[in-house]
Amino acid sequence: MYRFLLSRQWVILTLVGLVLIPVMVRLGFWQLHRHEHKVAQNNQIAHSLAADPVPVTGLTAPGREVAGSDVWRRVTASGTYDTKDEVVVRRRTDDNGHQGYFVLTPLLLDDGRAVLVNRGWVPAGDDPMRYPDVPAAPSGKITVTGRLKQDETTAASGIKDTAGLPPRQVMLINSDQRSKAMNRAVLAGYIELVDPAPKDGPKPVAAPDHSDIGPHLAYAIQWWLFAGGVPVGWLILVRRERRDRLAAAIAPETAAVAGATP
């Protein structure tokens with residue numbers, strides 16, 4: 001009664017099930033790896049934010065990419081803001097999703113180099129081609145504390161580096177680009193300003209949320225349950241097909257016996 005498994009329909013169904021099982025198992029492990037990456041990332045962010053601030057010059061230098069383990073590390077820098085080379089970064093949102101700009105101001109260090117400082121967010125005006133109203137940076141010597149970030153690139157951020165922008169507006173926070181524009185050595189990466197937070201200055205960028213681990217572990221378990229459900233579903237269909245075929249084979253005999261009975 002299991003010869004029906006050799007039919008074209010059942011051979012195709014069985015092959016599809018055999019393909020789906022490893023695919024679903026692989027998708028489950030993919031989601032598990034994403035979960036592990038998210039947990040490791042959250043732990044790294046928490047460790048970096050809790051560590052004591054260190055001088056930014058000890059973690060980065062011109063032309064040297066900021067190490068992944070140093071991202072979000074609290075750093076300090078002392079110098080003077082260079083407002084003439086200040087720019088705004090387009091299409092950035094605040095905590096409430098409002099469109100605006102990040103204010104990117106170079107901080108000139110005592111050794112002649114500079115480090116980019118994201119002083120925070122300002123709202124967009126009515127005319128996107130006009131430079132927005134930006135609160136002035138503090139004058140004189142200042143020491144800032146903030147979170148160290150890597151340079152933004154189109155490949156990593158997905159932000160298109162649009163050409164032909166209005167003066168003093170950029171799409172990416174990138175030390176190489178700003179170094180060429182300023183004709184000055186600029187430390188790789190940038191500082192996301194935390195302190196001193198200006199009273200009437202740009203709105204500070206919020207610290208990253210490192211408590212959410214996302215749904216990846218649940219998705220992994222879900223894919224593995226689907227993989228386990230394939231052979232169970234296949235077995236149920238086989239038993240049902242066998243039962244229906246037995247019932248169909250017995251029915252004529254039952255009818256014949258019933259017709260011969262006086």
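Notes on the structure follow. (Residues numbered from 1 in each chain as written. Predicted model: local features only at pLDDT ≥ 70, side-chain atom pairs only at ≥ 80, totals over all residues. Heavy atoms only, no water.)

What follows is about the overall build of the protein chain. In terms of regular secondary structure, the protein chain is built from four helices and eight strands. Walking the protein chain from its N terminus toward its C terminus, one meets helices and strands in the order α-β-β-β-β-β-β-α-β-α-β-α. Radius of gyration (C-alpha) of the protein chain: 31 Å, far over the 18 Å computed for a compact globule of 262 residues. Considering only C-alpha atoms, the protein chain reaches an extent of 115 × 40 × 30 Å along its principal axes. Here the protein chain, with 262 residues, has 34% of them falling under the buried criterion. Counting only contacts in the protein chain whose residues sit at least 6 apart along the sequence, the fraction spanning at least 24 positions is 70%. Split by element, the accessible area of the protein chain, about 15400 Å² in all, is 58% carbon and sulfur. (Helix = DSSP H or I, 4+ residues; strand = E, 2+ residues; numbered from the N terminus. Rg over C-alpha atoms; globule rule 2.2 N^0.38 Å. Buried < 20%, exposed > 50% of the residue type's maximum accessible area, 1.4 Å probe, protein only. Contact = heavy atoms within 4.5 Å. Areas by Shrake-Rupley, 256 points an atom, 1.4 Å probe, with all protein chains shown as cover.)

All right, on to the environment of Leu 107 then. With respect to the helices and strands, the residue Leu 107 is situated in strand β4 (residues 99-109). Owing to a relative accessible area of 0%, Leu 107 belongs among the buried residues under this scheme. Distance in space between the C-alpha atoms of Leu 107 and Gly 120 is 14 Å, their sequence separation being 13 residues. In this view, Leu 107 contacts Ala 77, Ser 78, Gly 79, Thr 80, Tyr 81, Arg 113, Ala 114, Val 115, Val 117, Ile 142 and Val 144; residues no more than four positions away in its chain are not counted.

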